Amino acid sequence: MSALNVITHWLQKIDGTSLMLLASAVVLAVTWIAHRCRRFWSDLAFESCFANLLMILMNGALAPLFAILVGCAEAFYGRLPIPHLDPAIWQGFPVWILMGLVLLAIDFSDYWNHRLMHYSRWLWPIHAIHHSDPHPTVLTTGRVHLLEPFVMQMSYLILLTWLSLPFEVLGGIAGLRILHNMYTHMDLDWDHGPLRYLIASPRFHRWHHADEPAAYGKNLANIFPFLDVIFGTYYVPGTCRAEMGARRVPTRAMDMVAWPILEWNRLIKRRLHKRKQSNNTQAMATNTSTV
Ligand SMILES: [Zn+2]
Ligand SMILES: [Zn+2]
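Residues numbered from 1 in each chain as written. Chains lettered and ligands numbered in written order. Predicted model: local features only at pLDDT ≥ 70, side-chain atom pairs only at ≥ 80, totals over all residues.

Could you give me a rundown of the nonpolar core, with the residues and numbers involved?
Residues Leu53, Met55, Ile129 and Leu139 are the most contacted members of the largest nonpolar core, which totals 13 residues. Going through the elements one at a time, α3 (43–61) and α6 (124–131) are the ones with two or more residues in this core. Counting residues per element, this core draws most heavily on α3, at 5 residues. In this structure, Ala200, Ala210, Leu220 and Phe224 belong to the second largest nonpolar core, which totals 12 residues. (Core = buried A, V, L, I, M, F, W, Y, C linked by C-beta atoms within 7 Å. Buried ≥ 20, exposed ≤ 12 C-beta atoms within 10 Å, placed from the backbone. Helix = DSSP H or I, 4+ residues; strand = E, 2+ residues; numbered from the N terminus.)

Here it is, written out as structure tokens:
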């Protein structure tokens, strides 16, 4: 059996959660050893990795509940009279073209879903958790609020279902998307040279995490940076030396879980307060005009 066959076989056996847990265990062990040695890792890096690991474990524990919710949403959506392309139109395409189309369709959906989460004040509190990491590492891939995968699955349902694409063509390479995502979170100043617009690099994604106004809402594609070029959100001015993280957003695991609910509560209160103020102003204007 060739090395490629061994890797493909291994990737087919392992699912996303197991892969994340395995990677988390390795990085945490390395982090702990480095922390003991006090040479390469700061306290901030260690705390960040620890919070990420807790988020991954919590999300893993709640995955069955999440699967039920997604199943219900899919069943509901399936009953809606939404036209679909005939799956037969994809027959006859070479597998490698279908793989490219599926990856492009997924990344296109991820791009717009990601853009919406950055620009919507109601969805940002969910995605802000991913951005709260002051020291991004491979583990930051798993630092997502448990509601974010649900939002992503809904975007796939709405944007991709009608295409009837054979998503199963990805097969064993589906796990490579997770590995690539982990790679782009590494603290490396690699930009892929002439391929920088084709495959997302650590430098490209580092700017996405930069706490610098010019970089906010930029570099939204997961795999294909040319989507950012096309839609005007590409921003890589060179090596990224900016601070990482998101202002006001908590960095402790339990605080991160509660953060979107607290933010929504704050937004609702502010909206109600504004409405009350506008009603009062209108009432005063009416009273003045009647007097
Ligand atoms: Zn983002
Ligand atoms: Zn990220």
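Requested: an account of the packing of helix α4 (residues 63–79) against helix α7 (residues 148–160), with residues and values cited.
Axis separation between α4 and α7 bottoms out at 11 Å; the angle between their running directions is 25°. Comparing their axes, α7 and α4 come out roughly parallel. The hand of the α4/α7 crossing is right-handed. Packed against α4, whose contacting residues are Phe66, Leu69, Val70, Ala73, Glu74 and Tyr77, the element α7 presents Pro149, Phe150, Gln153, Met154 and Leu157 at the interface. (Axes fitted to C-alpha atoms, helices over the stretch in contact; angles between N-to-C directions. Parallel < 35°, antiparallel > 145°, perpendicular 65-115°, else oblique. Left-handed = near helix turned anticlockwise from the far one by under 90°. Contact = placed C-beta atoms within 7 Å.)

How would you summarise unusual backbone geometry if you had to cite specific residues and measurements?
For His192, which is not glycine, the phi torsion reads 70° and is therefore positive. Along the chain, His192 falls in the loop between α8 (174–184) and α9 (202–209). Judged by C-beta crowding, with 15 C-beta atoms within 10 Å, His192 ranks as partly exposed. The phi dihedral of Arg248 is positive, around 75°, even though this residue is not glycine.

Requested: an account of the environment of Arg115, with residues and values cited.
Note that Arg115 resides in helix α5 (residues 95–119). Through-space distance from the C-alpha of Arg115 to that of Thr233 is 9.4 Å; in sequence the pair is 118 residues apart.

These values are about where atoms sit, not about what they do.
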